[in-house]
Amino acid sequence: MSLITPSLAPPPAYEPLPNNHTSPPESAGRTKRGIADSDKRWPAGVVTVALDLSSEKSKALVVDAIREWAHHTPALRFNIVEGKTGDIRISDDEGLKGNWSAIGTEAKRIDEDQPTMHLNRTDDSKKLRSTALHEFGHALGLLHEHQHPQNSLDWDSPQVYDYYTSDSFNEAMVREHILEPDNRPGLQITPYDPQSVMHYEIPAALRRNGQAIPKNTTLSAGDKRTIRMLYPPVNPT
């Protein structure tokens, strides 16, 4: 598992679909790796999460996903409110596309009238909850597990490019966000975890060994350990 650390500012994280027309947030095209910035961990205390979602069902599923993380972030408490005003602002506005999130406190750099996370609307409750769980991991500062520097994926690169490249996700983006391991100095690393909710689902055809990695829909034991390392209990003073 890779965690963002001080002075590192990865771009907003989003999940491409095969040959789709999903666009990342506008800022993803502007924010580059390596920009020096403050620590992306949220400071211990209360983080306000604003839900601007289309239905009560969607709100309930997203809140349930947040609560799953909250059990393992003893340094943080989440104040969940309705509307567009908060530290983390979650929207399912149909005028935006894709499932994506700012990484940790990178959300502070996004204009206050804009969401820091977007979830595509869907009637599939399991899909919405698992997507919210993945994207909220990014909102807490976690990176994509498939880019772990010790991953054992052994990609079939031509198949990966064919599967993911689209009008809005070109080959350079496939290389940067899927194929290339994240080897930047300063990352907090725990063992590679193919069961992590931060891992992409990998079809068998994209790996040379022909073994698929299914979509992970709950926090793995590794996720729980890692997020607790990032947000350990605050010692009373």
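This is a predicted model, so every value here is computed, not measured.

(A) Inspection of the environment of Gly104 at higher detail. Along the polypeptide, Gly104 turns up in the loop between strand E6 (100-101) and strand E7 (117-118). A relative accessible area of 2% means that Gly104 is categorised as buried. Gly104 sits 38 residues away from Leu142 along the chain, and the two C-alpha atoms are 7.7 Å apart. Discounting residues that sit within four places of it in the chain, Gly104 has contacts with Lys40, Trp42, His138, Ala139, Leu140 and Gly141.

(B) How the structure looks around the nonpolar core. One finds Trp69, Ile88, Ile90 and Phe136 to be the most contacted residues of the largest nonpolar core, which totals 34 residues. The set of elements that each furnish at least two residues to this core consists of strand E3 (45-52), helix H1 (56-70), strand E4 (76-82), strand E5 (88-91), helix H2 (125-140) and helix H5 (221-230). Aside from chain neighbours lying at most four places away, what touches Phe136 is Val49, Ile66, Trp69, Phe78, Ile88, Ile90 and Met117. Core analysis: the second largest hydrophobic core is formed by 15 residues, Leu153, Val160, Tyr164 and Met173 among them.

(C) Examining the confidence of the model for the protein chain more closely. Across the protein chain, the average pLDDT comes to 84, with 82% of residues at 70 or higher. Here residues 4-11 scores under 50 on pLDDT; set against residues more than four positions off or in separate chains, the count is 44 contacts. Confidence drops under pLDDT 50 across residues 20-38; counting only partners more than four residues distant or on other chains, this segment forms 50 contacts.

(D) Spotlight on the pattern of salt bridges. This model, assessed by the stated rule, comprises nine salt bridges. Residue Asp64 pairs with Arg129 through a salt bridge whose shortest N-O separation is 2.7 Å. Of this pair, Asp64 sits in helix H1 while Arg129 sits in helix H2, and the two are 65 residues apart along the sequence. Since its relative accessible area comes to 37%, Asp64 is described here as partly exposed. With a shortest N-O distance of 2.6 Å, Glu68 and Arg129 are connected by a salt bridge. Of this pair, Glu68 sits in helix H1 while Arg129 sits in helix H2; the two residues are 61 residues apart in sequence, bridging distant segments of the chain. For Glu68, a relative accessible area of 16% translates into the label buried.

(E) Quick look at the environment of Asp92. Topologically, Asp92 is positioned in the loop between E5 and E6. Each C-alpha atom, one on Asp92 and one on Ser54, is 6.8 Å from the other, the two residues being 38 residues apart in sequence.

(F) Expanded view of the pairing of E5. Side chains of E5 alternate between two faces, with Ile88 and Ile90 and Arg89 and Ser91 buried alike. With four bridges joining them, E3 and E5 adopt parallel strand pairing. Each bridged residue has a counterpart across the sheet, and for Asp52 the counterpart in E5 is Ser91. Looking at chain direction, E5 and E7 are connected through two bridges and run parallel. For Ser91, the partnering residue across the bridge sits in E7 and is His118.

Scoring rules and cut-offs
- Residues numbered from 1 in each chain as written.
- Predicted model: local features only at pLDDT ≥ 70, side-chain atom pairs only at ≥ 80, totals over all residues.
- Heavy atoms only, no water.
- Helix = DSSP H or I, 4+ residues; strand = E, 2+ residues; numbered from the N terminus.
- Buried < 20%, exposed > 50% of the residue type's maximum accessible area, 1.4 Å probe, protein only.
- Contact = heavy atoms within 4.5 Å.
- Core = buried A, V, L, I, M, F, W, Y, C linked by side-chain atoms within 4.5 Å.
- pLDDT = per-residue confidence, 0-100.
- Salt bridge = Lys/Arg side-chain N within 4 Å of Asp/Glu carboxyl O.
- Pairing = 2+ DSSP bridges.

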